[in-house]
Amino acid sequence: RVDFTPQVLEGKPIFVDCYGNLSPLTKSGHQLVFNFYSFKENRLPFNVKIRDVGQEPCGRLSFLNEPKSTKGVPQGVHMQFETSHCQPTGR
């Protein structure tokens, strides 16, 4: 088993990718990104759409050190999340 310890550097961008039945609503060709600052509240609010309404609305976020490329996905930190506690905004 290989253990991977993520490194997050102060002020450096962190790119976010979403997999599964959820898709972030972003402009075409854009990827979610935010800068990390220690001892600060680091938030990235974004809207998602459900790709297939017949399936459970769940997915996976990946936090990457580099933007996602078409040649392959850079190694990142994967975090499983559940949407059972999320409330629709009514849009």
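For the structure itself, look to the data block above.
Residues numbered from 1 in each chain as written. Predicted model: local features only at pLDDT ≥ 70, side-chain atom pairs only at ≥ 80, totals over all residues. Heavy atoms only, no water.

Asks: Provide a residue-level description of the side chain of D17, including the pertinent values.
Replies: By the element assignment, D17 lies in strand 1 (residues 13-20). Under the relative-accessibility criterion, D17 is labelled buried at 10%. At 3.0 Å, the side chain of D17 and the side chain of Y19 are in polar contact. Sequence-distant contacts of D17, defined by excluding residues within four places in its chain, comprise Q31, R60, L61, S62, L64 and K68. (Helix = DSSP H or I, 4+ residues; strand = E, 2+ residues; numbered from the N terminus. Buried < 20%, exposed > 50% of the residue type's maximum accessible area, 1.4 Å probe, protein only. Polar contact = N/O pair within 3.5 Å; in protein donor to acceptor, adjacent residues only side chain to side chain. Contact = heavy atoms within 4.5 Å.)

Asks: Describe the state of the cysteines, listing the residues and the values that go with them.
Replies: Evaluation of the coordinates by the stated rule reveals 0 disulfides. There is no disulfide at C18, and the cysteine sulfur nearest it, in C58, is 10.0 Å away. Residue class for C18 comes out buried when judged on its relative accessible area of 5%. (Disulfide = S-S within 2.5 Å.)

Asks: Give me the lowdown on the pairing of strand 1, citing residues and values where you can.
Replies: Direction of pairing for strand 1 relative to strand 3 (residues 32-35): antiparallel, over a ladder of 4 bridges. Bridged to I14 within strand 3 is F34. Taken together, the 6 bridges between strand 1 and strand 5 (residues 59-64) define a ladder with antiparallel strand orientation. Bridged to V16 within strand 5 is F63. (Pairing = 2+ DSSP bridges.)

Asks: Go over unusual backbone geometry with me, naming the residues and quoting the values.
Replies: Positive phi values are uncommon outside glycine, yet F39 reaches one of about 60°. Relative to the helices and strands, F39 is located in the loop between strand 3 and strand 4 (48-50).

Asks: Account for the nonpolar core, naming residues and giving values.
Replies: In this structure, I14, V16, C18, L22, L32, F34 and L61 together form the largest nonpolar core, which totals 7 residues. Those elements that provide at least two residues to this core are strand 1 and strand 3. When residues in this core are grouped by element, the largest group, 3 residues, is from strand 1. Setting aside residues no more than four positions away along its own chain, I14 makes contact with V8, L32, V33, F34, F36, F63 and L64. (Core = buried A, V, L, I, M, F, W, Y, C linked by side-chain atoms within 4.5 Å.)

Without other data, these values stay purely geometric and don't point to any function.
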